[in-house]
Amino acid sequence: MSLRVIAGSARSRKLKAVPSNSTRPIMDRVKEALFSIIGAQIRNAAFLDLFAGTGSVGIEALSRGASHALFVETDRAATHTIRENLRHTKLADKALVIRRSAFSILDSAPDRHYDFIFVAPPQYRGMWLKTLRALDNNRAWHDAGCLIIVQIDPKEHEPALAFTRLRLVDQRVYGRTMLQFWRFADL
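Report follows, based on the coordinates. In this text the structure is predicted, and so the values were computed from the model without any measurement.

**Some points on the packing of aromatic side chains**
One pair of aromatic rings is described through two measures. These are the centre distance and the angle between the planes.
1) Next: All chains considered together, the criterion is met by four aromatic pairs.
2) Next: Relative to Phe-103, the ring of Phe-51 lies with its centre 5.9 Å away and its plane at 70°, an arrangement referred to as edge-to-face. Remark: Phe-103 occurs in helix 4 (residues 102–106) and Phe-51 occurs in the loop between strand 3 (46–50) and helix 2 (56–63); sequence separation between them is 52 residues.
3) Next: Given the relative accessible area of 13%, Phe-103 is considered buried.
4) Next: Here Phe-163 and Trp-182 contribute two aromatic rings whose centre-to-centre distance is 5.3 Å and whose plane-to-plane angle is 85°, an arrangement assigned as edge-to-face. Of the two residues, Phe-163 is situated in the loop between strand 7 (147–152) and strand 8 (166–174) and Trp-182 in strand 9 (residues 177–184); the sequence distance between them amounts to 19 residues.
5) Next: Looking at Phe-163, the relative accessible area reads 13%, which means it is buried.
6) Next: Sitting above the plane of the Phe-103 ring, Lys-130 keeps its charged end 4.2 Å from the centroid.

See below:
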């Protein structure tokens, strides 16, 4: 699969893949649909890319005008790839790459307000649910202006989820990829 930036300042730049099969890059048509849904809201936004993999989604956000992106990834090869991709796209000055567990980040207070949180963990391990529960349970993350986007395989979907503060506001399926959009409510 060829990875590239679809639009914005780094349009058509190719991105390197992580030299292992530990990541599952988002397909271009799903990434394009995602950013079509987000639209102009991405301009000047702060973007948190959890389980960042190649960094493709956060880099797309920066290319389209996000002011800052934090990439969180545990895999050493992946963090190296993200840094290379940021240098290649000339977007490194707007980004920070951290080699840490997403859950250790979510256990503490956020370092800033994030307009978007993108969650695309390894499949079939329930990590997307654990991530949503961590966000729901840590009041420091509760921000009505934040949109949480979850990328999963539709087979992982659990229709009757209940959270204290998180509400599912939209859900789309593109082949073997489901995007869910969550917001904090009742703040």
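**Some words on the pairing of strand 9**
For a regular strand, the rule is simple: side chains alternate between the two faces of the sheet.
1) Next: The buried count for strand 9 comes to seven of eight residues, which makes it a mostly enclosed element.
2) Next: Across six bridges, the pairing between strand 7 and strand 9 is antiparallel. Bridge assignment links Ile-152 to a residue of strand 9, and that residue is Met-178.
3) Next: As defined by bridge partners, strand 8 adjoins strand 9 across eight bridges and the pair is classed as antiparallel. Bridge pairing links Val-173 to Met-178 in strand 9.

**Examining the side chain of Asp-136**
1) Next: Assignment of secondary structure puts Asp-136 in helix 5 (residues 127–137).
2) Next: Arg-167 provides the closest opposite charge to the buried, salt-bridge-free Asp-136, at an N-O distance of 5.9 Å.
3) Next: Here Arg-165 takes part through its backbone nitrogen, which lies 2.7 Å from a polar atom of the side chain of Asp-136.
4) Next: Discounting chain neighbours no more than four positions away, the residues touching Asp-136 are His-142, Phe-163, Thr-164, Arg-165 and Leu-166.

**Focus: the sheet that holds strand 7**
Each strand in a sheet pairs with its neighbour through backbone hydrogen bonds, running either in the same direction (parallel) or in the opposite one (antiparallel).
1) Next: An order of 5-4-3-6-7-9-8 is seen for the seven strands of this open sheet, with the pairing classed as mixed. What marks the edges here is a single partner per strand, and that holds for strand 5 (95–99) and strand 8. Each adjacent strand pair in this sheet contributes to an overall mean axis angle of 15°, direction not counted.
2) Next: The sheet strands contacting helix 3 (residues 76–89) are strand 4 (68–73) and strand 5, and the helix crosses strand 5 at an angle near 170°.
3) Next: Contacts between helix 5 and the sheet are confined to strand 3, strand 6 (116–119), strand 7, strand 8 and strand 9, with strand 7 contributing the most and set at about 165° to the helix.

Rules and cut-offs
- Residues numbered from 1 in each chain as written.
- Predicted model: local features only at pLDDT ≥ 70, side-chain atom pairs only at ≥ 80, totals over all residues.
- Heavy atoms only, no water.
- Phe/Tyr/Trp six-rings, centres within 6.5 Å; stacked < 30°, edge-to-face > 60°.
- Helix = DSSP H or I, 4+ residues; strand = E, 2+ residues; numbered from the N terminus.
- Buried < 20%, exposed > 50% of the residue type's maximum accessible area, 1.4 Å probe, protein only.
- Lys NZ or Arg CZ within 6 Å of the ring centre and 35° of its normal.
- Pairing = 2+ DSSP bridges.
- Lys, Arg positive; Asp, Glu negative; His and termini not counted.
- Salt bridge = Lys/Arg side-chain N within 4 Å of Asp/Glu carboxyl O.
- Polar contact = N/O pair within 3.5 Å; in protein donor to acceptor, adjacent residues only side chain to side chain.
- Contact = heavy atoms within 4.5 Å.
- Axes fitted to C-alpha atoms, helices over the stretch in contact; angles between N-to-C directions.

The values are spatial; any link to function lies outside them.
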